There are 2 protein chains.
Amino acid sequence: MIPFPAINRLCALYRLLCDLQESGVERISSADLGKKLGVGAHNIRKDIAFLGVSSSSASGYDIKGLKQLISEKFEFNTEKKACIVGLGRLGTAIMERKDLCGGEFHIIAGFDSNINRLETISSSISLYPAYSITEVVRRLRIELAIIAVPACVAQDVADKLIDGGIKGILNFAPVIVKLDNKEIFIKNMDISGELRVLSAQIKNSIR
Amino acid sequence: MIPFPAINRLCALYRLLCDLQESGVERISSADLGKKLGVGAHNIRKDIAFLGVSSSSASGYDIKGLKQLISEKFEFNTEKKACIVGLGRLGTAIMERKDLCGGEFHIIAGFDSNINRLETISSSISLYPAYSITEVVRRLRIELAIIAVPACVAQDVADKLIDGGIKGILNFAPVIVKLDNKEIFIKNMDISGELRVLSAQIKNSIR
DNA sequence: TATTGCCTGTGAAATAATTCACAAAAATAT
DNA sequence: ATATTTTTGTGAATTATTTCACAGGCAATA
Ligand SMILES: NC(=O)c1ccc[n+]([C@@H]2O[C@H](COP(=O)([O-])OP(=O)(O)OC[C@H]3O[C@@H](n4cnc5c(N)ncnc54)[C@H](O)[C@@H]3O)[C@@H](O)[C@H]2O)c1
Ligand SMILES: NC(=O)c1ccc[n+]([C@@H]2O[C@H](COP(=O)([O-])OP(=O)(O)OC[C@H]3O[C@@H](n4cnc5c(N)ncnc54)[C@H](O)[C@@H]3O)[C@@H](O)[C@H]2O)c1
C-alpha cells in the first residue's frame, strides 16, 4: 500500500516523464527529476522504490521504462470512463477539453437537472437528465465523476453517483461532501477555498 | 508557525463555521465539527490550539468567536485583490463567479494575450493585454493570481506575475510552475492530473 | 452549593513521512 | 584492466503529524 503523498508525486512524475519523452529525452537522473518537480532526489528514489523494482544504473532512469512501470502499477494504460454533473459555465468548459475526451480518460456522459439547458448544449458527449444519474452510471460502468453543480445540491448528486457505483469524485462545489465508504475517493477543488488557503499561507509566513 | 495541514483544515473549518452561522447555529462541539469535516475531534482541537488561545467551556465553541479568531489569525477580514490570466473558457467561467467579486476576494483585473478576445468580453472587471501583467500587478498591488492559460506559457506568465510582486498563485495549467522564492505560494489545480491521482488511489486501494 | 456529566486544552505516545548516509552497481575514464 | 565517477536502492535517523489520555474547567441539575 503506497502512501498518499507518494501516489501524488508519482502521478506528477508520470506527467513529467510524458513531457520529457515527447521532447526526445531518453534518460534522466533522480536529481534532475527532483529539480523539475521541486522535490528532493531522495524523495524521488523512495517513491520509485514503492513501485517495487530494483534495476540500478549509473546513468539515471530510462524514461520509457519508468513510465511503463508507473503506468502498470496504477493501470494508467486502460481507459477510464468519466462523467460530468452540472453543465453550467464550469461544467461545459471542462467538458470541451480535448485532453479529457480520449486517451487516458473519456468523458462519456453529462448530466443536468435543467432539461431546457440540455437541449441548448451541442456536444458529441451524450447528455442525460439529472434524475437518471444512478441508472446511467451503473449501466455504463462509469468510474469517475466531476461535480460542477451549486453547493446546495452537491451532496445529493454525490449520493446518487455513489448509488450508481462511482469510484472517484472531483468536486468543484464549495462544500465538504460526506462519504462513508472508504473505497470511494474524493478530491475537493474549491477555488475560493484554495484562494483562502493561499492567503492564510501568505499571512502565516510573515514573521 | 502553523503547519500546512493545519492551515488547510482551519480554512475548511472557517467555511463550515460561516455556513453554520448562516443557518442559525451558535455553538458546536469539536466532536460535531469533526464529524462534519470528516476529521477526528482531537485534530480539530489541536488545530484550534495553534491559534493560541484557551477559553475552555463545557458547551463547545462559540461559532462567532471562533470564526473571528481564525479570521484575525489569517487576516480574512481584509479584502484581497486578485487577477485572472487567460480569459478562455475556464478563465471567463471563473471571472463571472459572484463569490470571487466582492467580500473576501476581489478580482480586479483580467489579462489575455489575444487583444481581439479582450474586446469581445463584456465584463465589469478591467481587462488588460498580457504584456502589461507585471506593470498592472505592481501598480494595483494585486496579491493573488489565477492562471488559466495553455500549459506552454504558464511558466512565462508566472514569472511576469512574480516580477510584479504577486504573493500567491492558483494554477490551472497542467505543468509544475517553478518558483525559487519561498515567500510565494502556489497551488496546482490540474484537473486531468487529479483524475489520474483518483484513479491511482482506486487501483492502490484494491487488495 | 454540592454533584454529576460534558467538553476543552495539552503534554506525551504513536504513527507517518521525509531526509540522510552509504554500500553496491554501472558507466566512464585512464 | 583498473581506477574513478556517477547514480541508484534502502535501512536507519530525523522530523512532522496525528492520535491518545486525562486533568481541569464549565454548565446544568437538584
Ligand atoms: N477548461 C477546463 O475546464 C480545463 C480543464 C483542465 C485543464 N485546463 C487548463 O486550463 C488552461 C486554460 O483552459 P481553457 O479551456 O480556458 O483554454 P482556452 O484555450 O479556452 O483559453 C486559454 C486563453 O489563454 C490565452 N492566452 C494564451 N497565451 C497567453 C499568454 N501568454 N498570456 C495571457 N493569456 C494567454 C488565450 O488567448 C486564451 O484566451 C489550460 O492550461 C488547460 O489545460 C482547463
Ligand atoms: N465557475 C467557476 O469557475 C467556479 C469557481 C468556483 C466555484 N465554482 C463552483 O462550481 C459549481 C458550478 O459553477 P458554475 O459557475 O458552473 O455554476 P452554474 O450555475 O453556471 O452551473 C450549475 C449547473 O448545475 C445544474 N444543476 C443544478 N442542480 C442540479 C442537480 N441537482 N443535478 C444536476 N445538475 C444540476 C444547473 O442547471 C446548472 O446548469 C458551483 O458549486 C460553484 O460554486 C465554480
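What this report covers is the structure whose coordinates are included nearby. (Residues numbered from 1 in each chain as written. Chains lettered and ligands numbered in written order. Predicted model: local features only at pLDDT ≥ 70, side-chain atom pairs only at ≥ 80, totals over all residues. Heavy atoms only, no water.)

Tallied over the entire structure, the rule returns six aromatic pairs over all chains. An aromatic cluster is defined as three or more aromatic residues linked by ring pairs; in this entry it consists of Tyr14, Phe74 and Phe76 of chain A. Note that arginine 196 of chain A overlies the ring of phenylalanine 76 of chain B, its terminal NZ or CZ placed 5.9 Å from the centroid. (Phe/Tyr/Trp six-rings, centres within 6.5 Å; stacked < 30°, edge-to-face > 60°. Lys NZ or Arg CZ within 6 Å of the ring centre and 35° of its normal.)

Below, the discussion takes up the protein's contact with DNA strand C. Taken together, the neighbourhood of DNA strand C is formed by 22 residues, with Arg9 of chain A together with Ser30, Arg45, Ala58 and Tyr61 of chain B sitting nearest. Near the protein, meaning within 4 Å, the atoms of DNA strand C are sugar or phosphate in a fraction of 60%, with bases accounting for the rest. Lysine 46 of chain A has a polar side-chain atom sitting 3.4 Å from a base oxygen of DNA strand C. Measuring from a base oxygen of DNA strand C, one finds a side-chain N or O atom of arginine 45 of chain B at 2.9 Å. (Near = heavy atom within 4 Å. Polar contact = N/O pair within 3.5 Å; in protein donor to acceptor, adjacent residues only side chain to side chain.)

Turning our eyes to something else, we now look at the relation of the copies chain A and chain B. For the match of chain A to chain B, the screw axis carries a shift of 0.0 Å, the RMSD comes to 0.0 Å, and the turn is 180 degrees. Taken together, the rotation angle and the small translation identify this as a two-fold axis. (Least-squares fit on C-alpha atoms with pLDDT ≥ 70 in both.)

On to the side chain of asparagine 204 of chain B, then. Of note, asparagine 204 of chain B is situated in helix α9 (residues 191–205). Accessibility expressed as a relative area gives 13% for asparagine 204 of chain B, which makes it buried. (Helix = DSSP H or I, 4+ residues; strand = E, 2+ residues; numbered from the N terminus. Buried < 20%, exposed > 50% of the residue type's maximum accessible area, 1.4 Å probe, protein only.)

So, on to the site of ligand 1. Surveying the vicinity of ligand 1 reveals 24 residues, the closest of which are Ile94 and Arg97 of chain A together with Leu90, Asp112 and Val149 of chain B. What surrounds ligand 1 is not a single chain but chains A and B. Between ligand 1 and arginine 89 of chain B, the relevant distance is 3.1 Å, taken from an oxygen atom to a main-chain nitrogen or oxygen of the residue. Leucine 90 of chain B places a main-chain nitrogen or oxygen 2.9 Å from an oxygen atom of ligand 1. With the chains in place, 85% of the 820 Å² that ligand 1 exposes on its own is no longer accessible. Listing elements by their share of the shell around ligand 1, those giving two or more residues are α5 (89–95) of chain A together with α5 (89–95) and α8 (151–163) of chain B. (Areas by Shrake-Rupley, 256 points an atom, 1.4 Å probe, with all protein chains shown as cover.)

On to helix α3 (residues 41–49) of chain B, then. Each turn of an α-helix holds 3.6 residues, which means side chains three or four residues apart point in the same direction. Residues and elements named next belong to chain B. Among the residues of α3, Ala41, Ile44, Asp47 and Ile48 are the ones counted as buried. Down the axis of α3, the buried set is contained in an arc of 125 degrees. They therefore lie on one face. Opposite the packed face of α3, turned more than 90 degrees from it, sit the exposed residues His42 and Lys46. Where the residues of α3 are buried, they touch α1 (4–22), α2 (30–37), β2 (61–62) and α4 (63–74). (Arc of directions from axis to C-beta. Contact = heavy atoms within 4.5 Å.)

This part takes up the protein's contact with DNA strand D. Inspection of the region around DNA strand D gives 22 residues, with Ser30, Arg45, Ala58 and Tyr61 of chain A together with Arg9 of chain B positioned closest. Near-protein atoms of DNA strand D (within 4 Å) split between backbone and bases, with sugar and phosphate holding 63%. Note that a base oxygen of DNA strand D is positioned 3.3 Å from one of the side-chain N or O atoms of lysine 46 of chain A. One nitrogen or oxygen atom from the side chain of arginine 9 of chain B is found 2.8 Å from a phosphate oxygen belonging to DNA strand D. Elements with a contribution of two residues or more to the surface near DNA strand D: α3 (41–50) of chain A together with α1 and α3 of chain B.

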